[in-house]
Amino acid sequence: MNTATEAVTGRVHSWDLSTGVDGPGTRFVLFLSGCPLRCLYCANPDTWHMRDGKETTVDEVAARIEHYRSFITRAGGGVTLTGGEALLQPAFTAAILRRCKQLGLHTALDTSGFLGARATDELLADTDLVLLDIKSFDVRTYRNLTGGELSPTLNFATRLDRLGVPMWIRYVLVPGWTDDPAAVDGLGGFLAGLGNVERVDVLPFHKLGAHKYDALGIPFPLRDAPVPGPELVDRVCEQFREHGLRAL
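Described in the following lines is the structure provided in the data block. (Residues numbered from 1 in each chain as written. Predicted model: local features only at pLDDT ≥ 70, side-chain atom pairs only at ≥ 80, totals over all residues. Heavy atoms only, no water.)

**Side note on the overall build of the protein chain**
So, point 1. Within the protein chain, the secondary structure is distributed over nine helices and eight strands.
So, point 2. A principal-axis box enclosing the C-alpha atoms of the protein chain has dimensions of 50 × 45 × 30 Å.
So, point 3. The buried share of the protein chain, reckoned over its 248 residues, is 52%.
So, point 4. Within the protein chain, contacts between residues separated by at least 24 positions form 72% of all contacts whose residues are at least 6 apart in sequence.
So, point 5. When the accessible surface of the protein chain is split by element, carbon and sulfur atoms take 53% of a total near 10900 Å².
So, point 6. Across the protein chain, the centroid of the 25 positively charged side chains sits 4 Å from that of the 30 negatively charged ones. (Helix = DSSP H or I, 4+ residues; strand = E, 2+ residues; numbered from the N terminus. Buried < 20%, exposed > 50% of the residue type's maximum accessible area, 1.4 Å probe, protein only. Contact = heavy atoms within 4.5 Å. Areas by Shrake-Rupley, 256 points an atom, 1.4 Å probe, with all protein chains shown as cover. Lys, Arg positive; Asp, Glu negative; His and termini not counted. Charge placed at Lys NZ, Arg CZ, Asp CG, Glu CD.)

What follows is the structure, encoded as structure tokens:
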């Protein structure tokens, strides 16, 4: 037991094991509850509210992680904190990251960056990788798509660069929303000016979470929106590559 964190609790939605999409290797992925944004394409509306999560201690999380520690270590993986939005619970997130580093595990933080100001330098020192979701580079589109503002995310990206924290950028490609060539080019130029961007993951919009909206009795705003075809995905990836970025 770690006396520095034993009293810290947070709201946890669920956990899972994944490979290839939540950081390098096989990951223990912890989904925290609560999110300040309402992205129209969100696949996890069941994580929006803190009240829907289970109050959990850091020690309980650490015990679950330790159960899989040798497995994820052998697979070159680690632990990823996501949500919801992990930075909505910064003390809990920081305590889990600290414990993971004490266990010798690689750590990743999946975040929109909207609450990046809540991440202390100490929290980021325990973070080996940030998976930064940049929803759009157009201010108006970002606001209409998420209900939030773009500038906190860009400020967070710049801060991570200054601190030397590696980033994988996540860009969800939604036809009619995030496929504007000028906006993609603008984001590519911004990212090319940073020294810590290791890759850009272009993620095609999907509707796999539609059933969750049905279960919650709320409308899925993009139910009738088209999914991007391979030609569009290739075009957007190529735009990022033209800025010298590794786009997948």
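**Remarks on helix α1 (residues 58-67)**
So, point 1. Those residues of α1 that sit buried are V58, D59, V61, A62 and I65. For α1, the arc enclosing every buried residue in end-on projection is 155°, short of the 170-degree limit, so these residues lie on one face.
So, point 2. As for α1, its buried residues are in contact with β1 (9-19), β2 (26-32), β3 (54-57), α2 (69-74), β4 (78-82) and α3 (90-102). (Arc of directions from axis to C-beta.)

**A look at the environment of K207**
So, point 1. Here K207 shows up in the loop between β8 (197-204) and α8 (210-216).
So, point 2. You can call K207 partly exposed: its relative accessible area is 30%.
So, point 3. Separated by 19 residues in the primary sequence, K207 and P226 have C-alpha atoms spaced 9.5 Å apart.
So, point 4. Each residue touching K207, except ones within four places of it in the same chain, is listed here: F220, L222, R223, D224, A225 and V227.
So, point 5. A polar contact is formed between the side chain of K207 and the backbone oxygen of R223, at a distance of 2.7 Å. (Polar contact = N/O pair within 3.5 Å; in protein donor to acceptor, adjacent residues only side chain to side chain.)

**Regarding the packing of helix α7 (residues 181-192) against helix α9 (residues 230-241)**
So, point 1. Between α7 and α9, the least distance of the axes is 8 Å, while the angle of their chain directions is 35°. Relative to α9, the crossing made by α7 is right-handed. Facing P181, V184, D185, L187, G188 and L191 of α7, the residues of α9 in contact are R235, V236, Q239 and F240.
So, point 2. Looking at the contact of α7 with α9 residue by residue, the class counts come to six nonpolar, two polar and two charged. (Axes fitted to C-alpha atoms, helices over the stretch in contact; angles between N-to-C directions. Left-handed = near helix turned anticlockwise from the far one by under 90°. Nonpolar A, V, L, I, M, F, W, Y, C, P; charged D, E, K, R; others polar.)

**What about the pairing of β1?**
So, point 1. As paired elements, β1 and β3 share four bridges and run antiparallel to each other. Within the sheet, the bridge partner assigned to G10 lies in β3 and is T56.
So, point 2. Across seven bridges, the pairing between β1 and β2 is antiparallel. Its bridge partner lying in β2, D16 is registered against V29.
So, point 3. The hairpin formed by β1 and β2 contains six residues between the paired strands, and G20 there has a positive phi angle of roughly 90°. (Pairing = 2+ DSSP bridges.)

**Concerning the pattern of salt bridges**
So, point 1. This model, assessed by the stated rule, comprises 11 salt bridges.
So, point 2. Among the ionic pairs, D128 bridges to K101, the shortest N-O distance being 2.7 Å. Within this pair, whereas D128 is found in the loop between α4 (121-125) and β6 (129-133), its partner K101 is found in helix α3, the two being separated by 27 residues in sequence.
So, point 3. Given the relative accessible area of 26%, D128 is considered partly exposed.
So, point 4. Its relative accessible area of 26% is what places K101 among the partly exposed residues.
So, point 5. A salt bridge links R199 to D201, with the nearest nitrogen and oxygen atoms 2.9 Å apart. (Salt bridge = Lys/Arg side-chain N within 4 Å of Asp/Glu carboxyl O.)

**A word on unusual backbone geometry**
So, point 1. Cis geometry marks the peptide bond from G83 to G84, where omega comes out at 15°.
So, point 2. Along the chain, the position of G84 falls in the loop between β4 and α3.

**As for the sheet that holds strand β7 (residues 167-173)**
So, point 1. Pairing in this open sheet of eight strands is mixed, and the strands run β3-β1-β2-β4-β5-β6-β7-β8 from one edge to the other. Either end of the sheet is taken by a strand with one partner, and the two such strands are β3 and β8. Each adjacent strand pair in this sheet contributes to an overall mean axis angle of 30°, direction not counted.
So, point 2. Pairing of β6 with β7, which is carried by four bridges, proceeds in the parallel orientation. Bridging from a neighbouring strand, L132 pairs with I169 of β7.
So, point 3. Against the sheet, α9 makes contact with β7 and β8, and its axis sits at roughly 160° relative to β8, the strand it touches most.

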